[in-house]
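In case you want the letters, here they are:
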Amino acid sequence: MATATYPPPPPYYRLYKDFSENTDSAPEPPPPIEGTYVCFGGNYTTEDVLPSLEEQGVPQLYPKDSNLDYKKELRSLNRELQLHILELADVLVDRPSQYAKRIGEISSIFKNLHHLLNSLRPHQARATLIHIMELQIQQRKQAVGDIKRRREEAQGLLKDAFVTLDGQ
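Note that this is a predicted model, so its numbers are computed, not measured. (Residues numbered from 1 in each chain as written. Predicted model: local features only at pLDDT ≥ 70, side-chain atom pairs only at ≥ 80, totals over all residues. Heavy atoms only, no water.)

### Side note on the overall build of the protein
Definition in use: Here a strand is any run of E in DSSP of at least two residues, a helix any run of H or I of at least four, and the numbering for each starts at the N terminus. Atoms counted for the radius of gyration: C-alpha only. Globule rule: 2.2 Å times residue count to the power 0.38. Contacts between residues were defined by any pair of non-hydrogen atoms, one from each residue, lying within 4.5 Å.
Along its length, the protein carries 3 helices and 2 strands. The helix and strand sequence of the protein, counted from the amino end, reads β-β-α-α-α. Computed over the C-alpha atoms, the radius of gyration of the protein is 32 Å, more than 25% above the 15 Å expected from 2.2 N^0.38 for a compact globule of 168 residues. Seen along its three principal axes, the alpha-carbon backbone of the protein occupies a region of about 105 × 60 × 35 Å. Expressed as a percentage of contacts within the protein between residues at least 6 apart in sequence, the contacts between residues at least 24 apart total 50%.

Now the structure itself:
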């Protein structure tokens, strides 16, 4: 049985046969997907919603307050994680049969840490975008200033050239 190295092109390549002569002959791209869709057997959504820990079956170890102090809670979870890792070392030495419970607790703490960090991602993205835009504004102002300076230099050179021509 012989197989091709590469599969044949999809049949819609024929829609682009006149593209080199007429660039408007190509069909419009499909509209962006909105809502839910299936990809490789998994259901996905285009909405960026962070699922709650309860939806993931993980106990939430920090308060469900809307005015949450993220720095304080992250530090608290980090200390708790360090304590549980030390306890895991003790359990592995003294009571190896109980390590699974400790691993579950450590996993829960990690998931809570990741959830807190992921809830800060939109703020991080906005702050990064603001920083990038401020840098672009600064670069453009510098470019405009450089253009103005060079224009003034060119005008000065032209003025000097006209003065020397008028003086002869």
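### Quick notes on a nonpolar patch on the surface
Test applied: What makes a patch is a set of residues exposed beyond 30% relative accessible area and free of salt bridges, joined within 9 Å when like-charged and within 5 Å when nonpolar (Val, Leu, Ile, Met, Phe, Trp, Tyr). All accessibility values rest on the Shrake-Rupley procedure with a 1.4 Å probe; residue burial counts only the protein chains present in the view. Only one rule defines a salt bridge in this text: a Lys or Arg side-chain nitrogen within 4 Å of an Asp or Glu carboxyl oxygen. Summary of the burial criterion: residues with accessible area below 20% of their type's maximum are buried, those above 50% are exposed, and those between are partly exposed, where the area comes from a 1.4 Å probe applied to protein chains only.
Taken together, the side chains of Tyr-12, Leu-15, Tyr-16 and Phe-19 make up a nonpolar region of the molecular surface, amounting to roughly 430 Å² of accessible area. Following the sequence through the fold, Phe-19 ends up in the segment before β1 (36-39). A relative accessible area of 38% places Phe-19 in the partly exposed class.

### Here we look at helix α1 (residues 70-94)
An α-helical turn contains 3.6 residues, so a residue and the one three or four places further along point in the same direction. The condition is simple: Residue count minus one, scaled by 1.5 Å, sets the expected span of a helix.
The terminal C-alpha atoms of α1 lie 36 Å apart, and with 25 residues this matches the ideal 36 Å at 1.5 Å per residue to within 8%. All buried positions along α1 are accounted for by Glu-73, Leu-74, Leu-77, Leu-81, His-84, Leu-88 and Val-91. Its buried side turned inward, α1 meets α2 (99-119).

### Comments concerning the pattern of salt bridges
Oppositely charged side chains may form a pair once their charged atoms are brought near each other. The tally for this structure, following the rule as stated, stands at 6 salt bridges. Here Asp-146 ties to Arg-150 by a salt bridge, and the two come within 3.2 Å at their closest N and O atoms. Note that Asp-146 and Arg-150 are positioned in helix α3 (residues 121-167) at a spacing of 4 residues, about one turn of the helix. When its relative accessible area of 29% is taken as the criterion, Asp-146 is described as partly exposed. Arg-149 is the partner of Glu-153 in a salt bridge, and the nearest nitrogen-oxygen pair spans 2.9 Å. Here Arg-149 and Glu-153 lie together in helix α3, a separation of 4 residues that amounts to about one turn. For Arg-149, a relative accessible area of 41% translates into the label partly exposed. Three or more residues are tied together by salt bridges with common partners; here these are Asp-146, Arg-149, Arg-150 and Glu-153.

### Looking at the pairing of β1
Test applied: Strand pairing is assigned whenever DSSP identifies at least 2 bridges connecting the two strands.
Bridge analysis of β1 against strand β2 (residues 42-45) gives 4 bridges, and the strand direction is antiparallel. Bridge pairing links Thr-36 to Thr-45 in β2. The turn linking β1 back onto β2 is made up of 2 residues, and Phe-40 within it adopts a positive phi angle of 55 degrees.

### Looking at α2
Between its first and last C-alpha, α2 extends 30 Å over 21 residues, near the 30 Å set by a 1.5 Å rise per residue. Residues Arg-102, Ile-106, Ser-108, Ile-109, Asn-112, Leu-113, His-115 and Leu-116 constitute the buried set of α2.

### With respect to the side chain of His-115
In this fold, His-115 is placed in helix α2. Relative accessible area serves as the criterion here: at 12%, His-115 is assigned to the buried category. When neighbours within four sequence positions are excluded, His-115 is seen to be in contact with Leu-50, Pro-51, Ser-52, Leu-53, Gln-56 and Tyr-62.

### Re unusual backbone geometry
Its identity as a non-glycine residue notwithstanding, Phe-40 has a phi of 55 degrees, on the positive side. Tracing the chain through its elements places Phe-40 in the loop between β1 and β2.

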